[in-house]
Amino acid sequence: MLKERLFCFPGMPAVWRVLLLWVCVCIWLPAQVHGALVVSRRDALTQMVEVYSVTVDCTVTSRFAHTVMTSKALNKANTSQEIFFEVELPKTAFISNFSMRIDGQVYVGEVKEKEKAKKEYEKAVSSGQTAGLVKASGRKMEKFSVSVNIAAKSNVTFVLTYEELLQRKLGQYEILTRVKPKQPVQEFQIVADIYEPQGIAFVDATATFLTNELLSLVEKTVTDTKAHISFSPTLEQQRKCPGCEGTIIDGDFIIKYDVKREESLGDIQIVNGYFVHFFAPSDLPRVPKNVVFVIDRSGSMAGRKIAQTRDALKAILRDLHQEDHFALILFDSDIVTWRDSLTKATKENVAQAIAYVTKLRDKGATNMNDALLRAVRMLVRERDDGNLPQRSADMIILLTDGMPNHGVSDLKRIQDNVRSAIDGKMSLFCLGFGNDVAYSFLDVLSRENKGLARRIFEGSDATLQLQGFYEEVSSPLLLEVDLRYPDNAVDFLTKNHYNQLFNGSEIVVSGQLTNNDPDNFLVEVFAKGPEEDFLVQGKARVVNLDLIYPEKEYIFGNFSERLWAYLTIQQLLENSDIGSQQEKDSRTAKALDMSLRYSFVTPLTSMLVKKPETEDGPSGPLIADKLTEDQRQKAERHGGASGSHAARPHTQSNSPIRKAQMRRGSSRSSSNVDGDPHFMIELPERDDALCFNINDKPGTILNLVRDPKSGFVVNGQIIGKKKVVPDGKINTYFGRFGIIHGKLGVRLEVNTQDISVFYDGKQLNLLWSDAVSIKETNMDLSLTKNCSLTVTLRHSIQFEVIRHTKVWKRRRDHQDYLGFYTLDSHHLSASVHGLLGQFYHGVEFEVTDLRPGPHLENVDATMYVKGQTLNVTRHWQKDFSSRVKDGESIPCWFINNDGAGLIDGRASDYTVSGLFKTVF
């Protein structure tokens with residue numbers, strides 16, 4: 001194997017590359033550097049790099065979080081090795097510091113204006129030095145990555161610092177740390193200290209990977225104003241099993257908390273010459289809302305998107321309060337209203353609306369302009385006619401997945417039309433579904449009209465994303481909130497007027513004090529409530545953190561100033577594309593100046609990381625960028641890393657830098673098998689999929705899923721086509737499934753004719769022509785006539801078996817076969833395996849070097865996965881889970897040769913001797 005790999009990369013210098021991945025924190029060693037020899041974690045040489053420490057230290061002071069992530073590694077080999085350090089951090093955070101310590105020498109990242117940093121980078125590339133731009137993102141997180149060549153027997157310590165103001169959503173703050181060590185680490189620790197002078201109401205800490213054994217290791221100490229959370233498993237406690245190389249720690253460590261809220265004025269803190277005002281009064285009655293849902297039903301919404309929209313709308317309608325008013329406008333080429341006016345949300349009206357939504361179907365083009373103007377006119381007319389409560393919130397919620405292409409299609413003209421029509425009278429919220437939508441257009445459209453935009457990512461959880469957004473804005477408590485401070489006492493004030501305060505959220509205002517009289521700092525808040533105006537006033541309090549936390553006087557530093565700077569920069573960036581060109585330029589210049597002054601990596605700056613020289617000569621810099629949501633979307637749309645450039649560093653100085661599009665996948669997956677047999681691994685967080693076929697003879701039984709911890713097993717038997725085609729090719733399908741859950745005592749046998757269920761000592765035989773719904777203590781079973789079987793096993797798994805009949809009319813022939821779809825597998829243990837099960841907890845991969853395939857309609861690429869370098873092709877495969885009759889075509893990267901290189905081992909390793917074989 002070693003000789004084969006060396007042959008694949010002739011002329012390569014004797015430098016082994018090993019990847020150290022630390023995601024908020026992550027460490028991994030699979031191959032993924034193009035043009036270089038990379039050691040898979042299964043090779044013995046990987047053991048020559050020891051990652052011996054991974055720590056996360058988060059300090060939160062008055063919602064402002066300061067996180068330091070540190071990882072240490074030792075190169076035990078006799079040759080130098082390239083080590084990569086990669087971190088996932090929240091999109092809302094700003095990186096503020098990075099350093100590498102190599103044999104006592106410290107290399108520190110420097111924040112520069114983005115254009116200047118880019119020129120330095122390009123100069124390094126043109127002079128033949130190696131360099132790399134590193135940036136990528138997922139839904140909530142974004143990635144920071146650097147690499148460095150470490151000499152034999154040398155140590156390296158990576159330290160990354162980032163800062164953010166925690167946002168309150170649905171009544172709580174969240175600190176999310178993604179941990180994927182991939183191997184047990186000698187020192188592994190997550191520590192969070194929360195300091196809230198306002199008082200702590202509650203603190204919860206959990207993780208997606210916590211077992212009963214690990215749960216007790218989460219230590220939590222909470223006093224009135226401080227919380228300490230730590231998680232530090234030993235080397236052995238991290239292992240999947242005694243002696244195993246793999247680690248059970250793989251997922252998100254999540255801390256949620258809230259503060260006490262006793263005063264309606266909120267909490268105003270003055271620290272070191274800066275003030276911050278947190279406003280989120282408790283026990284306020286909600287303001288009734290008048291909401292018009294404007295729903296895109298054009299042809300591009302076909303398939304799963306329209307089905308998920310239907311499901312979300314039905315749930316949202318059920319959540320309307322009786323004092324609310326609502327309307328439904330559907331648009332394609334035409335504009336259709338459910339009713340011509342807003343309707344009160346009585347039970348009867350909501351039920352009728354749900355029945356109407358159930359019939360929602362896709363067709364036609366996208367006439368967004370006329371749909372929005374119809375919604376505005378409807379609200380204005382109803383308001384003018386006195387049909388709506390005087391003290392109520394008017395809002396429009398737009399859901400679309402594409403570009404306007406019928407009627408008015410010029411984006412700037414649509415923005416002007418809508419802004420002129422709304423004229424500040426209502427709020428517009430825009431939801432962009434998928435990657436084909438013009439997100440920057442929707443973002444400006446919303447912010448110009450007192451609202452906000454949100455991306456809805458395609459995936460199995462899109463319905464939950466839609467419902468989650470609505471929940472955030474469904475309960476306004478106050479309207480036109482004005483927070484006032486003495487004119488002669490403050491300067492450089494952040495935004496202090498908000499159109500709404502929603503239940504569970506928080507308004508934060510900060511500024512710099514200009515006098516030395518904080519004791520007479522008077523604060524007033526004016527707003528409109530549901531029944532009367534809201535007016536409170538009072539004095540700020542000077543917070544002496546040294547007295548509240550006497551043992552920690554050294555940790556707070558200038559946090560109040562940095563909180564103000566963070567908030568100011570965020571708000572300047574948010575409005576940098578609104579208003580006149582002079583206003584846009586002024587905001588951009590101020591945001592850039594402050595980003596440089598406070599060393600924040602923002603969309604206007606980059607962090608330049610200069611690397612030490614290697615035995616092959618000088619090493620070029622790497623650049624860490626921060627992207628806007630629009631830039632991320634454009635990169636994802638083109639299948640590349642989330643950046644305008646995507647290149648990886650090489651050790652050879654005489655080799656040109658190949659710029660390649662890269663795609664990384666690492667998230668929970670939905671693993672399915674259907675057809676002839678086609679295996680598909682869907683990765684919702686990456687909006688991507690992997691697929692492969694298994695070709696074996698009829699009668700072969702393959703293990704699809706096995707979870708030793710729960711005893712859950714799925715085996716599938718291959719059947720052949722009834723008639724063999726003249727060329728002798730045998731088409732094969734899955735015709736039988738054997739499904740067992742040892743702990744729950746459940747056994748199912750599913751074939752193309754009937755279904756046998758064994759549970760709790762009872763046996764039930766069903767035909768596909770039956771329509772049955774069964775609810776037991778640990779099992780729910782639903783059989784849709786001649787269609788699908790859905791099974792939920794409590795605290796374990798949910799799956800669906802679909803029965804197909806393929807018909808060849810000209811041959812007067814048909815074939816019955818089955819498909820298996822995993823709907824929810826997150827309860828299964830980290831040791832789950834099988835042809836499908838091995839992907840339930842995600843897979844790390846990277847796609848590069850996109851190029852035309854032998855067939856013009858296909859795209860070929862190079863994939864780095866599990867230490868292998870594979871040639872893959874862009875394919876389309878059918879997913880029948882949401883559209884059982886016709887299926888939905890899903891793009892995926894196809895791996896040839898029975899999935900070789902993607903699946904662990906060979907396909908023949910998954911062959912079992914019986915349909916209910918449980919011992920492997």
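Residues numbered from 1 in each chain as written. Predicted model: local features only at pLDDT ≥ 70, side-chain atom pairs only at ≥ 80, totals over all residues. Heavy atoms only, no water.

### Quick look at the overall build of the chain
A count of helical and extended segments in the chain gives 15 helices and 55 strands. Relative to its 920 residues, the chain shows a buried fraction of 59%. Here the analysis covers contacts within the chain between residues at least 6 apart in sequence; of these, 67% occur between residues at least 24 apart. (Helix = DSSP H or I, 4+ residues; strand = E, 2+ residues; numbered from the N terminus. Buried < 20%, exposed > 50% of the residue type's maximum accessible area, 1.4 Å probe, protein only. Contact = heavy atoms within 4.5 Å.)

### Thoughts on the sheet that holds strand 5 (residues 94–102)
Pairing is mixed in the open sheet, where eight strands are placed in the order 6-5-11-3-2-13-16-15. Each of the sheet's edge strands pairs with one partner strand only, and the pair in question is strand 6 (105–108) and strand 15 (218–222). Strand after strand, the sheet turns through a mean of 10 degrees between neighbouring axes, direction not considered. With six bridges joining them, strand 13 (residues 187–195) and strand 16 (residues 226–231) adopt antiparallel strand pairing. Pairing of Ile 194 across the sheet is with Ala 227, part of strand 16. Where helix 12 (residues 559–574) meets the sheet, its contacts fall on strand 2 (49–61), strand 3 (64–75), strand 5 and strand 11 (155–165), and the angle it forms with strand 11 comes to roughly 70 degrees. (Pairing = 2+ DSSP bridges. Axes fitted to C-alpha atoms, helices over the stretch in contact; angles between N-to-C directions.)

### Side note on the packing of aromatic side chains
A complete count under the given rule lists 27 aromatic pairs for this structure. When the centroid spacing of 5.3 Å and the interplanar angle of 50 degrees are considered together, the rings of Phe 94 and Phe 600 count as tilted. Residue Phe 94 is located in strand 5, and its partner Phe 600 is located in the loop between helix 13 (581–597) and strand 34 (605–609); the two are separated by 506 residues in the primary sequence. The exposure class of Phe 600 is buried, given its relative accessible area of 0%. Look at Tyr 173 and Tyr 257: their rings are 5.1 Å apart centre to centre, the planes differ by 35 degrees, and that puts the pair in the tilted class. In this pair, Tyr 173 sits in strand 12 (residues 173–179) while Tyr 257 sits in strand 17 (residues 251–259), placing the two residues 84 residues apart along the sequence. The exposure class assigned to Tyr 257 is buried, which follows from its relative accessible area of 0%. An aromatic cluster is defined as three or more aromatic residues linked by ring pairs; in this entry it consists of Phe 679, Phe 692, Phe 712, Phe 734, Phe 737, Phe 799, Phe 820 and Phe 839. Its guanidinium or amino end placed over the ring of Phe 278, Arg 63 lies 3.7 Å from that ring's centre, counting from NZ or CZ. In this structure, Arg 747 packs its charged tip against the face of Phe 758, placed 4.5 Å from the ring centre. (Phe/Tyr/Trp six-rings, centres within 6.5 Å; stacked < 30°, edge-to-face > 60°. Lys NZ or Arg CZ within 6 Å of the ring centre and 35° of its normal.)

### Considering the environment of Leu 627
Mapped onto the secondary structure, Leu 627 falls in the loop between strand 35 (619–625) and helix 14 (629–637). Remark: the alpha-carbon pair of Leu 627 and Lys 91, spanning 536 residues in sequence, is separated by 8.9 Å.

### A closer look at the packing of helix 12 against helix 13
At a minimum axis distance of 9 Å, the contact between helix 12 and helix 13 shows a crossing angle of 150 degrees. Put simply, helix 12 runs roughly antiparallel to helix 13. Between helix 12 and helix 13 lies a crossing whose hand is left-handed. Contacts between helix 12 and helix 13 involve Trp 564, Ala 565, Thr 568, Ile 569, Leu 572 and Leu 573 from the first element and Arg 587, Lys 590, Ala 591, Met 594 and Ser 595 from the second. Here the contact of helix 12 with helix 13 is built from residues that sort into seven nonpolar, two polar and two charged. (Parallel < 35°, antiparallel > 145°, perpendicular 65-115°, else oblique. Left-handed = near helix turned anticlockwise from the far one by under 90°. Nonpolar A, V, L, I, M, F, W, Y, C, P; charged D, E, K, R; others polar.)

### Some remarks on the pairing of strand 34
Of all the five residues making up strand 34, five are buried; the element is thus mostly covered by neighbouring parts of the structure. Neither face of strand 34 is open: one carries Thr 605, Met 607 and Val 609, the other Ser 606 and Leu 608, and all of them are buried. Note that strand 7 (residues 110–113) and strand 34 share four bridges and pair antiparallel. When the sheet's bridge partners are listed, Val 111 is paired in strand 34 with Met 607.

### Here we look at the side chain of Asp 780
Take Asp 780: it is sitting in strand 47 (residues 779–784). Filtering out sequence-adjacent residues up to four positions away, Asp 780 remains in contact with Ile 774, Lys 775, Thr 790, Val 791, Thr 792 and Arg 794.

### Thoughts on the pairing of strand 10 (residues 141–150)
Among the ten residues of strand 10, ten are classified as buried, and the element is accordingly described as predominantly covered. Burial along strand 10 is two-sided: Met 141, Lys 143, Ser 145, Ser 147 and Asn 149 facing one way and Glu 142, Phe 144, Val 146, Val 148 and Ile 150 facing the other are all buried.

### Considering the nonpolar core
Judged by nonpolar contacts, the single largest core of 58 residues is most densely connected at Phe 98 and Phe 231. Tallying contributions element by element places strand 2 first for this core, with six residues. Each residue touching Phe 98, except ones within four places of it in the same chain, is listed here: Phe 85, Tyr 107, Val 108, Gly 109, Phe 144, Val 146, Phe 158, Val 159, Leu 160, Met 607 and Val 609. Val 673, Val 705, Leu 828 and Val 832 belong to the second largest nonpolar core, which has 57 residues in total. (Core = buried A, V, L, I, M, F, W, Y, C linked by side-chain atoms within 4.5 Å.)

### Some remarks on the confidence of the model for the chain
A residue-level look at the chain finds 84% of positions with pLDDT of 70 or above and a mean pLDDT of 81. Here residues 1–46 is a poorly scored stretch, pLDDT under 50, and it has 168 contacts once near neighbours within four places are set aside; other chains count. Note on residues 128–132: pLDDT is under 50 here. Beyond four places in sequence and across chains, it has 25 contacts. (pLDDT = per-residue confidence, 0-100.)

### Overview of the pattern of salt bridges
Summed over the entire model, instances satisfying the criterion amount to 39 salt bridges. Here Arg 736 and Glu 749 are joined by a salt bridge, their closest N and O atoms 2.9 Å apart. Placement of the pair is Arg 736 in strand 42 (residues 732–741) and Glu 749 in strand 43 (residues 746–751), with a sequence separation of 13 residues. (Salt bridge = Lys/Arg side-chain N within 4 Å of Asp/Glu carboxyl O.)

### Description of the sheet that holds strand 14 (residues 200–207)
Across the sheet, which stays open at both edges, the three strands sit in the order 12-17-14 with antiparallel pairing between neighbours. Single-partner strands in this sheet number two, and they are strand 12 and strand 14. Sheet twist, expressed as the mean angle between neighbouring strand axes with direction ignored, is 10 degrees. Here seven bridges tie strand 14 to strand 17, and the two strands are oriented antiparallel to one another. Across the sheet, residue Ala 205 finds its bridge partner in strand 17, namely Ile 255.

### Quick word on the side chain of Asp 688
Of note, Asp 688 is situated in strand 39 (residues 688–693). The buried category is assigned to Asp 688, whose relative accessible area is 6%. For Asp 688, the side chain forms a polar contact with the side chain of Trp 893, separated by 3.3 Å. (Polar contact = N/O pair within 3.5 Å; in protein donor to acceptor, adjacent residues only side chain to side chain.)

### Structural notes on helix 10 (residues 462–473)
Taking 1.5 Å of rise per residue, twelve residues should cover 16 Å, and helix 10 covers 17 Å from first to last C-alpha, within 8% of that figure. Taken together, the buried positions of helix 10 are occupied by Ala 462, Thr 463, Gln 465, Leu 466, Phe 469, Tyr 470 and Val 473. Here the buried residues of helix 10 occupy an arc of 165 degrees about the axis, which is enough to place them on one side. (Expected span 1.5 Å × (residues − 1). Arc of directions from axis to C-beta.)

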